[in-house]
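# Overview (structure and organization)
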Amino acid sequence: MRKDVRILLVGEPKVGKTSLIMSLVSEEFPDEVPLRAEEITIPADVTPERVPTHIVDYSEAEQSDEQLSQEISKANVICIVYSVNNKKSIEKVTSHWIPLINDRTDKDSRVPLILVGNKSDLVEHSSMETILPIMNQYQDIETCVECSAKNLKNISELFYYAQKAVLHPTGPLYCPEEKELKPSCIKALTRIFKVSDLDNDGILNDNELNFFQRTCFNTPLAPQALEDVKNVVRRNMTDGVKDNGLTLEGFLFLHTLFIQRGRHETTWTVLRRFGYDDDLELTQEYLFPMIKIPPDCTTELNHNAYLFLQSVFDKHDKDRDCALSPEEVKDLFKVFPYMPWGPDVNNTVCTNDQGWITYQGYLSQWTLTTYLDVQRSLEYLGYLGYSIIYEQESQAAAITVTRNKRIDLQKKQTQRSVFRCNVLGARGSGKSGFLQAFLGKNLQRQRLIRDDHKSLYAISTTYVYGQEKYLLLHEVMPDFDFLTEADLACDVVCLVYDVNNPRSFEYCAKVFKQYFIDSKTPCVVIAAKSDLHEMRQHYSLSPHDFCRKHKLHPPQPFTCNTTEAPTKDIYTRLTTMAMYPHMAQADLKNSTFWLRASVGATVFAVLGFAMYRALLKQR
């Protein structure tokens, strides 16, 4: 909401502009009235909306046209004052003042206008019959009020309406000619309805309505009040209430009714609580709250964020198959202004046999986004209403910023849950196959992936000594001369070569000697396509001798040309090395390091599957 409101009073001489201001301030009619009142500021604590309000007078005798133009451009709302007993001053509203104001303001940012009929104490009739056609002709006119500076009638109301016209404008919400909500308002309220519909059944039940009421207005509705609201909807439309809950149509009707009855502030309170600005766009402050990320720290979702995302998954997994069909994904992202996930996501995370993103894959994609681009993750959580549903100050409450990696190395332990492995190798060495195998896809399934649906990332969970961790694989493009810091920054490195290509290992050797020979980042050499005949590599040292010389683990044979899903042992080993880089080096001569990692993976994979089945039954 605006931080202050600036009200400008204009009109013909002698209509009582200055008297209105002075009567408001002194609460009595002034004996002597100057040509123009000085600008006054009403403090926030004495205004109904708790917003400082500046009231500015205009005098034709004291001010030039240029000064008037400046005041018009600074005003948030303009009151055009006329005298109810002076027909000429009423005619000037349309013949002079409205055209003048429109000429001085940009068409796309017109200020709201209020017609003020002063001196109502001098006549017994109302000017409304003359004024109503003017209000219908000009959309910028918010309202009209008749008042009297002499007997103080409607003086406070006048300035309240002016303040309200700025803070709760009708224009963005409602079209008076069509007597219906504007498309942008319908779009915003539809998102609010879907976020508030916690079980995604298309209606707001009493619990959801009460949560919505408490969220927006800090007070629940009494049971009778809830019934009264639903009865109002029932009397006016047939499809507004279903199964004793409020439908989207009923929800939109209620807001139309609020606006038609002059209670715009109710709708604006709801819109602002859900992050919208005066143009019905989600604010930058709402979507991108401040979050500090020091160097060498990473970003992860915390426990509450995963619980929230699980609830979002549950409400959209209509068939309870623990996977999201394309229709279910589309429904989930209806609260977004665009589709955030492309077809590459289905090749970045685990999917079922139909190629649909599984529950684990869904959480993995959120983990990936938070790790690589936390601002985007905050934005997405904002669209889903995380801070509202979980009653947090902002989405930043969903993020854990890990401690500096150097401290982890010093203490020889880490609290992180996500580890990055950069996969490097010559073109055609099998990097993409290595990534896809992590998602359980053998060579046969990989051949079905379209080129434009491929991904340079793969993320899933592994178990290390009983702890579930995420391993994020990133395929680095094999452009040796243009490797950036981002290409090299990671927790563990995979150097992949094709055993069947005699020129493949040379790239791995060069990359290691150029970038990682003095690095503390653990490195693993992967002998890919190990199902094929192993060719002698055209390099001064064989891969085994190279690894022995540089104190690396022996090349790890790997193939994704299998009947079933490829083995995941190597990925558990990579995660273990990322978690315990000091142990990876210390245990280099001791083969039990690999053995412990592999046995731990097998045990917890079995346990994990059992827990998953139990969770599936429960859900």
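Residues numbered from 1 in each chain as written. Predicted model: local features only at pLDDT ≥ 70, side-chain atom pairs only at ≥ 80, totals over all residues. Heavy atoms only, no water.

### As for the state of the cysteines
Overall, the coordinates contain zero disulfides when judged by the stated rule. A disulfide-free cysteine, C508 has its sulfur positioned 9.3 Å from the sulfur of C547, the nearest such atom. Classification of C547 as buried rests on a relative accessible area of 1%. (Disulfide = S-S within 2.5 Å. Buried < 20%, exposed > 50% of the residue type's maximum accessible area, 1.4 Å probe, protein only.)

### Focus: the side chain of Q213
Relative to the elements of secondary structure, Q213 occurs in helix α7 (residues 206-217). Here Q213 falls in the buried class, since its relative accessible area comes to 15%. What Q213 contacts, discounting residues up to four positions off in sequence, is N218, T219, P220 and L221. (Helix = DSSP H or I, 4+ residues; strand = E, 2+ residues; numbered from the N terminus. Contact = heavy atoms within 4.5 Å.)

### A few points about the pairing of strand β20 (residues 523-528)
Within β20, six of the six residues are buried, which leaves it mostly tucked inside the rest of the structure. The side-chain alternation of β20 yields two buried faces, one formed by C523, V525 and A527 and the other by V524, I526 and A528. Relative to β20, strand β19 (residues 492-498) runs parallel, the two sharing six bridges. Bridge pairing in β20 places L495 opposite V525. In this view, the connection linking β19 to its parallel neighbour β20 by way of helix α21 (residues 505-516) has right-handed handedness. Of the strand pairs in this sheet, β20 and strand β21 (residues 556-558) are connected by three bridges, and their pairing is parallel. Paired with A527 across the bridge in β21 is P557. Crossover connection from β20 via helix α22 (residues 543-549) to parallel β21: handedness right-handed. (Pairing = 2+ DSSP bridges. Right-handed = clockwise from strand over helix to strand, strands pointing away.)

### Here we look at the packing of helix α5 (residues 155-167) against helix α10 (residues 264-273)
α10 packs onto α5 with a crossing angle of 35° between their chain directions and a minimal axis gap of 10 Å. The way α5 lies across α10 gives a crossing that is left-handed. Between α5, through Y160, K164 and L167, and α10, the contact on the second element is made entirely by H264, E265, W268 and R272. In the contact of α5 with α10, the residues fall into three nonpolar, one polar and three charged. (Axes fitted to C-alpha atoms, helices over the stretch in contact; angles between N-to-C directions. Left-handed = near helix turned anticlockwise from the far one by under 90°. Nonpolar A, V, L, I, M, F, W, Y, C, P; charged D, E, K, R; others polar.)

### Topic: the nonpolar core
With 74 residues, the main nonpolar core has I192, L271, F274, L309, Y362, W366 and L384 as its most contacted residues. Of the residues forming this core, the biggest block, seven residues, is contributed by helix α9 (residues 248-260). When near neighbours in sequence (up to four residues on either side) are disregarded, W366 contacts L301, L309, W341, S377, Y380, L381 and L384. Formed by 28 residues, the second largest nonpolar core is a distinct cluster that contains F438, A528, C560 and A578. (Core = buried A, V, L, I, M, F, W, Y, C linked by side-chain atoms within 4.5 Å.)

### Here we look at the confidence of the model for the protein chain
Of the residues in the protein chain, 94% have a pLDDT of 70 or more, and the chain-wide mean is 90. Confidence drops under pLDDT 50 across residues 599-613; counting only partners more than four residues distant or on other chains, this segment forms eight contacts. (pLDDT = per-residue confidence, 0-100.)

### Thoughts on the sheet that holds strand β17 (residues 457-464)
Sheet strands pair by backbone hydrogen bonding; their relative direction is either parallel or antiparallel. Taken in spatial order, the six strands of this open sheet run β17-β18-β16-β19-β20-β21, and their pairing is mixed. The strands lining the two open edges of the sheet, one partner per strand, are β17 and β21. In this sheet, neighbouring strand axes are inclined to one another by 30° on average, regardless of whether the strands run parallel or antiparallel. Most of the contacts of α21 go to β19, to which it runs at about 155°, and overall it touches β16 (418-425), β19 and β20.

### A word on the sheet that holds strand β6 (residues 141-146)
Strands sit in the order β2-β3-β1-β4-β5-β6 across an open sheet of six strands; the sheet is mixed. Whereas interior strands pair on both sides, the edge strands pair on one side only; in this sheet they are β2 (40-42) and β6. Between one strand and the next, the sheet's axes are offset by a mean angle of 20°, whatever the strand orientation. Lying over the sheet, helix α2 (residues 65-74) contacts β1 (5-11), β3 (53-56) and β4 (77-83), oriented at roughly 140° with respect to β1.

### Overview of the pattern of salt bridges
Side chains carrying opposite charge are able to pair once their charged atoms draw close together. Under the definition given, this model contains 23 salt bridges. In this structure, K405 and D491 form a salt bridge, with 3.2 Å as the shortest nitrogen-oxygen distance. Residue K405 is located in helix α17 (residues 405-411), and its partner D491 is located in the loop between α20 (485-488) and β19; the two are separated by 86 residues in the primary sequence. Overall, the relative accessible area of 25% leaves K405 in the partly exposed class. Residue class for D491 comes out buried when judged on its relative accessible area of 4%. Between D498 and K529 there is a salt bridge; the shortest N-O distance is 3.4 Å. Highlighted residues: D498 in strand β19 and K529 in the loop between β20 and α22, separated in sequence by 31 residues. (Salt bridge = Lys/Arg side-chain N within 4 Å of Asp/Glu carboxyl O.)

### Describing empty space enclosed by the protein
For the coordinates displayed, the defined rule picks out one cavity of 30 Å³ or more. Estimated volume of the largest cavity: approximately 30 Å³. Every residue along the wall of the largest cavity is listed here: V195, S196, F211, F212, T215, F274, I388 and I389. Secondary-structure elements contributing two or more residues to the lining of the largest cavity are α6 (183-196), α7 and α16 (386-389). (1 Å grid on protein atoms, 1.4 Å probe; cavity = no way out; pocket = protein on both sides within 12 Å on 5 of 7 lines; lining within 4 Å. Points joined across faces, edges and corners; volume = space filled by probe spheres on them.)

### Focus on the packing of α2 against helix α3 (residues 87-104)
Between α2 and α3, the least distance of the axes is 9 Å, while the angle of their chain directions is 75°. Our classification of the angle between α2 and α3 gives roughly perpendicular. Seen from α2, the contacting residues are L68, S69 and I72; seen from α3, they are W97, L100, I101 and R104. For the contact of α2 with α3, a count of residues per class yields five nonpolar, one polar and one charged. (Parallel < 35°, antiparallel > 145°, perpendicular 65-115°, else oblique.)

### Side note on helix α18 (residues 431-438)
Given 3.6 residues per helical turn, the α-helix brings residues three or four places apart onto the same face. Here α18 lies mainly inside the structure; seven of its eight residues are buried. Along α18, the residues that are buried comprise K431, G433, F434, L435, Q436, A437 and F438. A positive phi of about 85° marks G440, the residue just after α18.

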